[in-house]
Structures are given as structure tokens and as C-alpha cells.
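# Structure at a glance
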Amino acid sequence: MSMIPFTGDITFNAVSGVKGRNSLYATEIHATRYQYGFALTPDSLKDKSRIHPVLDGLISIGEVAGNHARFLYDFSPESIVLRWTHDFSPRFLYCFEQDELGNLSVSNLVRQVEVGDIDPKELWIGGLISQGLEDLGANVFPGVKSAVKALKQVIAEDLQLSSGSD
């Protein structure tokens, strides 16, 4: 889900190497942040230990289709909100909000914690969005890798898995 509406931005490009009639071209782009929602039940996995590689994959998103062959884009998350719970409803999907200045917030997530819909002890929040959320009672980390590493330890204990190498 895009953080801002698509406005029809266009970028002009040129083909590398030998130039011809079609060397210049325009491409529509959407310069925005994206947020992705995932829900995973360990019982749905044939091998519960695969939950660790899934979490590692979430913070290491690399190749995507598109204009990436000519430009370097970092698709790894700058912020992450994870929840380890027995509640069957995630309750926080697409909780990121961006204002007109580009500042991120999670005001609806904060509201859900404040009204008791989400137990803050079930949340692992990492990255840029973690600033200012220390008083929530959640597990808050300055980086996404440290948040996932801490959650993986809790998961290993809960599911009696080997924590493996990090």
C-alpha cells in the first residue's frame, strides 16, 4: 500500500550503449514509501523453524521488478512493526501514516494500544518509526534488525526452536 496517492510523476531516461531512434523514453514512476502487511501463523508452516527465515526475508527485501536495472533503490524496510500473539486478528495492518511533510506516524496503532485492543508487550517496533514510542510499553528498538533478532529469540523460546545463527 502506497503511503501517498499516485500523482503521475514521469522520469525521462536514455538507453545505455549505442543510441538509436528510441534511445530516449519516459516512464511513469511513483516516488513514495510503501507499507506491506503480513500475517503468519506458525502452525500453518510444515516446519515451524522456517519462521526465522521468513522474518529475515522481511528485513532483507532485495530484487524487485521494474527500473532497478539502471538505478539503485533500497527496498529494505526503514521501519517495522511486528506482533507475536495468540490473537487471530493482526489489528495493526497498514498502521503507518505519512503527513504532507513526509513525517511518519502510527497514531492508530498507539490508539489501539491505549484502548486495550493490542497488548503492547506483543509488539516489536524497530527503525525510524520507533522514535517517540518508548512509553507505549512495547518492545522498541532503534533498528529493524535488532527488533527482528529480539523477536526471534522470543519465538524460539515459545516454539522451543533452536535460535540458530543471527
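Please refer to the structure higher up on the page.
Just so you know, these numbers come straight off a predicted model, no measurement behind them.

Once that is clear, we can look at the overall build of the protein chain. Of the regular secondary structure elements, the protein chain holds 3 helices and 7 strands. Helices and strands in the protein chain line up, N terminus first, as β-β-α-β-β-β-α-β-β-α. Across the protein chain, every contact between residues at least 6 apart in sequence was considered, and the portion connecting residues at least 24 apart equals 50%. Carbon and sulfur atoms provide 53% of the accessible area of the protein chain, an area that totals close to 11,100 Å².

This part covers the nonpolar core. Most often, soluble globular proteins keep nonpolar side chains buried together rather than apart. By size, the foremost hydrophobic cluster in this structure holds 16 residues, and its most contacted members are Leu55, Ile80, Leu82, Trp124 and Leu151. Residue assignment for this core shows that the elements contributing at least two residues are helix H1 (51-58), strand S3 (79-83) and helix H3 (144-159). It is H3 that provides the largest number of residues to this core, a total of 6 residues. Residues contacting Trp124, with those up to four places away along its chain left out, are Ile80, Val81, Leu82, Trp84, Asn139, Phe141, Ala147, Ala150, Leu151 and Val154. Counting residues in hydrophobic clusters, the runner-up holds 14 residues, among them Val113, Ile129, Leu133 and Ala138.

Turning to the pairing of strand S6 (residues 123-127), a few remarks are in order. Successive residues of a regular strand alternate their side chains across the two faces of the sheet. Within S6, 5 of the 5 residues are buried, leaving the element largely enclosed by the surrounding structure. Two strands pair when backbone bridges link them, and S3 and S6 are joined in this way by 5 bridges, in the antiparallel orientation. Bridge pairing in S6 places Arg83 opposite Leu123. Where S6 and strand S7 (residues 139-141) come together, 3 bridges link them in parallel fashion. Residue pairing for S7: Ile125 is matched across the bridge by Val140.

The next thing to look at is the sheet that holds S3. Reading across from one edge, S3-S6-S7 is the order of the 3 strands in this open sheet, with mixed pairing throughout. This sheet does not close on itself; its edge strands, each paired only once, are S3 and S7. Neighbour-to-neighbour, the strand axes of this sheet turn through a mean angle of 10°, independent of strand direction. Strands S3, S6 and S7 of the sheet are contacted by H3, whose axis makes an angle of about 155° with S6.

This paragraph deals with a nonpolar patch on the surface. The grouping of Tyr34, Tyr36 and Phe38 at the surface amounts to a nonpolar patch, some 370 Å² of accessible area in total. Relative to the elements of secondary structure, Tyr34 occurs in the loop between strand S2 (24-29) and H1. Its relative accessible area of 40% is what places Tyr34 among the partly exposed residues.

For H1, the complete set of buried residues consists of Ile51, His52, Leu55 and Leu58. All buried residues of H1 fall inside an arc of 120° around its axis, so they share one side.

In this section: the packing of H1 against H3. In contact at an axis separation of 11 Å, H1 and H3 are set at 170° when each is read in the N-to-C sense. Between H1 and H3, the angle is such that the two are roughly antiparallel. Here the hand of the crossing between H1 and H3 comes out right-handed. Touching Ile51, His52, Leu55 and Asp56 of H1 are Val148, Leu151, Lys152, Ile155 and Ala156, all from H3. Grouping the amino acids of the contact of H1 with H3 by side-chain chemistry returns 6 nonpolar, 1 polar and 2 charged.

Scoring rules and cut-offs
- Residues numbered from 1 in each chain as written.
- Predicted model: local features only at pLDDT ≥ 70, side-chain atom pairs only at ≥ 80, totals over all residues.
- Heavy atoms only, no water.
- Helix = DSSP H or I, 4+ residues; strand = E, 2+ residues; numbered from the N terminus.
- Contact = heavy atoms within 4.5 Å.
- Areas by Shrake-Rupley, 256 points an atom, 1.4 Å probe, with all protein chains shown as cover.
- Core = buried A, V, L, I, M, F, W, Y, C linked by side-chain atoms within 4.5 Å.
- Buried < 20%, exposed > 50% of the residue type's maximum accessible area, 1.4 Å probe, protein only.
- Pairing = 2+ DSSP bridges.
- Axes fitted to C-alpha atoms, helices over the stretch in contact; angles between N-to-C directions.
- Patch = residues over 30% accessible without salt bridge, like charges linked within 9 Å, V, L, I, M, F, W, Y side chains within 5 Å.
- Salt bridge = Lys/Arg side-chain N within 4 Å of Asp/Glu carboxyl O.
- Arc of directions from axis to C-beta.
- Parallel < 35°, antiparallel > 145°, perpendicular 65-115°, else oblique.
- Left-handed = near helix turned anticlockwise from the far one by under 90°.
- Nonpolar A, V, L, I, M, F, W, Y, C, P; charged D, E, K, R; others polar.

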